Amino acid sequence: MKVLELLDEIEEIIDTSTSFPLTGKIMVDAEEILEIVKEIRVELPDEIQQAQWIKDERQRILEEARKEYETVINDAKRQAEVLIENDDIVVKSKMRADEIMRIAEENCKQLKLNTFDYIDSILFNFQDKMDQLNATYFADMFNKMENTFQSVNATLASNRSEIKDLAYKTQMDKDV
């Protein structure tokens, strides 16, 4: 995969860079590293870019649900007003209006629950893809970085031990 090759290239640049003695720091060509980072960004899968789409889609679905809820409620109110206009059926119209409101609220509630299930499904799939990406691309990189840091620390510890030994010998007036 191209991203792994680019990460290997960064690691090679770091491994072959000029280092400053006793500091653990290295000098790298910033333009070269930035160019590789740009290439990595281009190569990353579309799933990462879909995060914004999922957010926008969620907002759109919730807005549609709200509009539909308002439409159903307004329709129910209009139907109730028409029924109330006739004095002979006031009681029946009130009962019908209550029924329409109940059905509208149930429909709205069901629509919201379906919307939440849909969004949760999208987010679950995206989360799974992010876990896959993490396992594929970043675990090796972090392990290699950790090994590099451990190696540098071991070298520094060895150098410090050697310096302390030389200082002790000097203090004891021994030839170094």
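Located above this text is the structure these notes cover.
If you're wondering where the values come from, they're calculated on a predicted model, not measured in any experiment. (Residues numbered from 1 in each chain as written. Predicted model: local features only at pLDDT ≥ 70, side-chain atom pairs only at ≥ 80, totals over all residues. Heavy atoms only, no water.)

### Some thoughts on the overall build of the protein
Part 1: Secondary structure summary: the protein contains four helices and two strands in total.
Part 2: For the protein, the α and β elements follow one another from N to C terminus as α-β-β-α-α-α.
Part 3: Relative to its 176 residues, the protein shows a buried fraction of 16%.
Part 4: Contacts spanning at least 24 positions in sequence make up 66% of the contacts within the protein whose residues lie at least 6 apart. (Helix = DSSP H or I, 4+ residues; strand = E, 2+ residues; numbered from the N terminus. Buried < 20%, exposed > 50% of the residue type's maximum accessible area, 1.4 Å probe, protein only. Contact = heavy atoms within 4.5 Å.)

### Some remarks on helix α2 (residues 30–43)
Part 1: Taking 1.5 Å per residue as the helical rise, α2 with its 14 residues ought to reach 20 Å, and the 20 Å between its terminal C-alpha atoms agrees with that figure.
Part 2: Of all the positions in α2, only Ile33, Ile36 and Ile40 are classed as buried. The buried residues of α2 all sit within an arc of 60° when viewed along its axis, so they share a single face. Residues of α2 that are exposed and angled more than 90 degrees away from the buried face: Glu31, Leu34, Lys38, Arg41 and Val42.
Part 3: Next to the buried residues of α2 lie α1 (2–16).
Part 4: Put simply, aspartate 29 is the residue that caps the front of α2, since its side-chain oxygen is 3.3 Å from the backbone nitrogen of glutamate 31. (Expected span 1.5 Å × (residues − 1). Arc of directions from axis to C-beta. Polar contact = N/O pair within 3.5 Å; in protein donor to acceptor, adjacent residues only side chain to side chain.)

### Considerations on unusual backbone geometry
Part 1: Phi angles above zero are rare outside glycine, and leucine 22 is one such case at about 65°.
Part 2: For leucine 22, the location among the structural elements is in the loop between β1 (18–19) and β2 (26–27).
Part 3: Assessed through its relative accessible area of 71%, leucine 22 is described here as exposed.

### Looking at a nonpolar patch on the surface
Part 1: On the surface, a nonpolar cluster with roughly 400 Å² of combined accessible area is contributed by Phe138, Phe142, Met145 and Phe149.
Part 2: Within the secondary structure, phenylalanine 149 sits in helix α4 (residues 90–171). (Patch = residues over 30% accessible without salt bridge, like charges linked within 9 Å, V, L, I, M, F, W, Y side chains within 5 Å. Areas by Shrake-Rupley, 256 points an atom, 1.4 Å probe, with all protein chains shown as cover. Salt bridge = Lys/Arg side-chain N within 4 Å of Asp/Glu carboxyl O.)

### Topic: the nonpolar core
Part 1: Formed by Val3, Leu6, Leu7, Ile10, Ile13, Ile33, Ile36, Ile40, Leu133 and Tyr137, the largest nonpolar core amounts to 10 residues.
Part 2: Listing elements by their share of this core, those giving two or more residues are α1, α2 and α4.
Part 3: Per element, the largest residue contribution to this core is five residues, and it comes from α1.
Part 4: Setting aside residues no more than four positions away along its own chain, leucine 7 makes contact with Ile40, Tyr137 and Met141. (Core = buried A, V, L, I, M, F, W, Y, C linked by side-chain atoms within 4.5 Å.)

### Some thoughts on the side chain of serine 17
Part 1: Considering the arrangement of structural elements, one finds serine 17 in the loop between α1 and β1.
Part 2: At 3.5 Å, the side chain of serine 17 forms a polar contact with the backbone oxygen of methionine 27.
Part 3: Aside from chain neighbours lying at most four places away, what touches serine 17 is Ile26, Met27 and Val28.

### Section: the packing of aromatic side chains
Part 1: Evaluation of the coordinates by the stated rule reveals zero aromatic pairs.
Part 2: Seen from the ring of tyrosine 69, lysine 112 lies directly overhead, with NZ or CZ sitting 5.9 Å from the centre. (Phe/Tyr/Trp six-rings, centres within 6.5 Å; stacked < 30°, edge-to-face > 60°. Lys NZ or Arg CZ within 6 Å of the ring centre and 35° of its normal.)

### Focus on α1
Part 1: The terminal C-alpha atoms of α1 lie 21 Å apart, and with 15 residues this matches the ideal 21 Å at 1.5 Å per residue to within 8%.
Part 2: For α1, the full list of buried residues reads Val3, Leu6, Leu7, Ile10 and Ile13. Buried residues of α1, seen end-on, are gathered within an arc of 115° and therefore sit on one face of the element. Seen from the open side of α1, the exposed residues pointing more than 90 degrees away from its buried face are Glu5, Glu12, Asp15 and Thr16.
Part 3: On its buried side, α1 packs onto α2 and α4.

### Re the pattern of salt bridges
Part 1: Within this structure, the stated rule accounts for 11 salt bridges.
Part 2: In this structure, glutamate 106 engages arginine 102 in a salt bridge whose closest nitrogen and oxygen atoms are separated by 2.3 Å. Within this pair, glutamate 106 and its partner arginine 102 are both found in helix α4, separated by four residues, close to a single helical turn.
Part 3: Residue classification places glutamate 106 among the partly exposed positions, given a relative accessible area of 43%.
Part 4: Its salt-bridge partner being lysine 169, residue aspartate 165 comes within 3.5 Å of it at the nearest N-O pair. A residue pair is termed a helical-turn pair when its members lie 3 or 4 positions apart in one helix, as aspartate 165 and lysine 169 do in helix α4 at four residues.
Part 5: Note on aspartate 165: relative accessible area 36%, which makes it partly exposed.
Part 6: Among the residues examined, lysine 169 registers a relative accessible area of 32% and is labelled partly exposed.
Part 7: Where salt bridges share partners, they join Asp8, Glu11 and Lys144 into one cluster.

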